[in-house]
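# Structure assessment
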Amino acid sequence: MDIDWIWGLVGGLMIGAAASFYLLGSGRIMGASGIIGGLVDRSGWSTWAERLSFIAGLALVPMVLRGFMAEPVQTNITTNLSAIVAAGLLVGVGTRLANGCTSGHGVCGISRLSMRGIIATVFYLIAGGVSVIVFRHWLSVI
Amino acid sequence: MMRNLFSLFAGGLFGTGLLISGMTNTDKVQGWLDIFGDWDPTLAFVLGGAILPMAVAWNIASRRAKSLLGSPLPGKPGTEIDGNLVIGSLMFGAGWGLVGLCPGPAIASISWGGIGGLVFLAAMLAGMLLAPAVRTRVNAVAAAIR
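Reading the values: rules and limits
- Residues numbered from 1 in each chain as written.
- Chains lettered and ligands numbered in written order.
- Predicted model: local features only at pLDDT ≥ 70, side-chain atom pairs only at ≥ 80, totals over all residues.
- Heavy atoms only, no water.
- Helix = DSSP H or I, 4+ residues; strand = E, 2+ residues; numbered from the N terminus.
- Polar contact = N/O pair within 3.5 Å; in protein donor to acceptor, adjacent residues only side chain to side chain.
- Contact = heavy atoms within 4.5 Å.
- Salt bridge = Lys/Arg side-chain N within 4 Å of Asp/Glu carboxyl O.
- Buried < 20%, exposed > 50% of the residue type's maximum accessible area, 1.4 Å probe, protein only.
- Buried area = accessible area lost by both parts, 1.4 Å probe.
- Nonpolar A, V, L, I, M, F, W, Y, C, P; charged D, E, K, R; others polar.
- Expected span 1.5 Å × (residues − 1).
- Axes fitted to C-alpha atoms, helices over the stretch in contact; angles between N-to-C directions.
- Parallel < 35°, antiparallel > 145°, perpendicular 65-115°, else oblique.
- Left-handed = near helix turned anticlockwise from the far one by under 90°.
- Patch = residues over 30% accessible without salt bridge, like charges linked within 9 Å, V, L, I, M, F, W, Y side chains within 5 Å.
- Areas by Shrake-Rupley, 256 points an atom, 1.4 Å probe, with all protein chains shown as cover.
- Phe/Tyr/Trp six-rings, centres within 6.5 Å; stacked < 30°, edge-to-face > 60°.
- Lys NZ or Arg CZ within 6 Å of the ring centre and 35° of its normal.

## Things to note about the side chain of A:S53
Of note, A:S53 is situated in helix 3 (residues 48–66). Only 2.7 Å separates the side chain of A:S53 from the backbone oxygen of A:A49, close enough to count as a polar contact. When near neighbours in sequence (up to four residues on either side) are disregarded, A:S53 contacts B:N4, B:S7 and B:L8.

Written out as structure tokens, the structure is:
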């Protein structure tokens, strides 16, 4: 029986709880690309310790918990290295140009009915859908 | 110190949610984006489940002057819909669909994503480093069109 949607809902609620805690506790918007990007281009250098702490929690807690899952989760990432490099560059440049990704625009933006968040989410979902059609079904490279 | 602890906790809870929900599994992400293939609805529950508590949190925030730690709460969201927002989101979506990882899950899965995960992360960081230069180009083109 497929119960993945329950795990999706439970995990989603935890993501929302984390974003709520960060907003009400620290006064910050929980956007992964902004937190990481601010360190990379140094625009958020004045808050580097907070950003690094967030990234440490984000990397280390799943590392520990993964071993306790019924079956350890795999990323099942493609072995096509050129696709990986191209995708990484697109995600890095794109999220910084747009000032947000799935967490910042998707979760934190839509939930406050931000027009920028809604527009960004519509565009990245359309592009994501088209990308899967092109690369999976037409070109069969992934 | 408290600010760093709060960040650590928020990052850890975020990562736990990403792990449990399936967001770090590229098959599930691409299965959700693949609306003309064997569509997997899981991620709709992830996004919906995350937006619900956050909508409540924004409502509470609107009635408060400061965060728990005393720092100001975020101001009103920007309203400018410009080329950077649209082009950036299209680029991000194209990359997200191609490999199935977005920035949060790319970090969350760093310990088990293998070489592929590390290469993706390195390319993503390189992209973030290049982004300010790309933004300048986009702005120059936008100004020329106007």
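From this point, the narrative continues.
## Some thoughts on the pattern of salt bridges
Evaluated as defined, the whole model comprises six salt bridges over all chains. B:D40 is the partner of B:K28 in a salt bridge, and the nearest nitrogen-oxygen pair spans 2.8 Å. In this pair, B:K28 sits in helix 2 (residues 26–33) while B:D40 sits in the loop between helix 2 and helix 3 (42–62), placing the two residues twelve residues apart along the sequence. Both residues of the pair, B:K28 and B:D40, belong to the buried class. Salt bridges linked by common partners bring A:D4, B:K28 and B:D40 together as one network.

## So, the interface of chain A and chain B
Taken together, the contacts link 99 residues of chain A with 102 residues of chain B. Taken over both partners, the interface formed by chain A and chain B buries close to 9,000 Å², and the fraction arising from carbon and sulfur atoms is 77%. Where chain A touches chain B, the interface holds three salt bridges. Salt-bridge contacts for A:D4 lead to B:K28; the nearest nitrogen and oxygen are separated by 2.6 Å. Mapped onto the side of chain A that touches chain B, the elements with two or more residues apiece are helix 1 (4–26), helix 2 (32–40), helix 3, helix 4 (81–97), helix 5 (102–110) and helix 6 (115–138) of chain A. For the side of chain A that touches chain B, the leading source of residues is helix 1 of chain A, giving 22 residues. Grouping the amino acids of the side of chain A that touches chain B by side-chain chemistry returns 59 nonpolar, 31 polar and nine charged.

## Things to note about unusual backbone geometry
In the Ramachandran plot, A:N76 falls in the positive-phi region, its phi being about 50 degrees despite a non-glycine side chain. Within the secondary structure layout, A:N76 lies in the loop between helix 3 and helix 4.

## Quick notes on helix 1 of chain A
The end-to-end C-alpha separation of helix 1 of chain A is 32 Å, in line with the 33 Å expected for 23 residues at 1.5 Å each. Count one or two residues on from helix 1 of chain A and you reach A:G27, which has phi positive near 75 degrees.

## Here we look at the packing of helix 2 of chain A against helix 3 of chain A
All names here are of chain A. In contact at an axis separation of 10 Å, helix 2 and helix 3 are set at 130 degrees when each is read in the N-to-C sense. When the axis of helix 2 is compared with that of helix 3, the two are oblique. The chirality of how helix 2 crosses helix 3 is left-handed. From helix 2, G34, I35, I36, G38 and L39 reach across to helix 3, where they touch W48, R51, L52, F54 and I55. Per-class residue counts for the contact of helix 2 with helix 3 are seven nonpolar, two polar and one charged.

## Here's the deal with the environment of B:T136
Relative to the helices and strands, B:T136 resides in helix 6 (residues 114–145). With 13 residues separating them along the chain, B:T136 and B:A123 place their C-alpha atoms 20 Å apart.

## Focus on a nonpolar patch on the surface
Residues A:I3, A:W5, A:I6, A:W7, A:L9, A:V10, A:L13, B:F45 and B:L52 make up a contiguous nonpolar surface patch of roughly 760 Å² in combined accessible area. Sorting the residues of the nonpolar patch by element identifies helix 1 of chain A together with helix 3 of chain B as the ones contributing at least two each. Of all the elements, helix 1 of chain A adds the most residues to the nonpolar patch, at six residues. Mapped onto the elements, B:L52 comes out in helix 3. Here B:L52 falls in the exposed class, since its relative accessible area comes to 58%.

## Considerations on the packing of aromatic side chains
According to the stated counting rule, one finds eight aromatic pairs over all chains in the structure shown. Ring pairs connect the aromatic residues A:F21, B:F6 and B:F9, which therefore count as one cluster. Positioned above the aromatic ring of A:W45 is the side chain of A:R42, whose terminal nitrogen or guanidinium carbon lies 4.2 Å from the ring centre.

Read these as layout, nothing more, since geometry by itself doesn't imply function.
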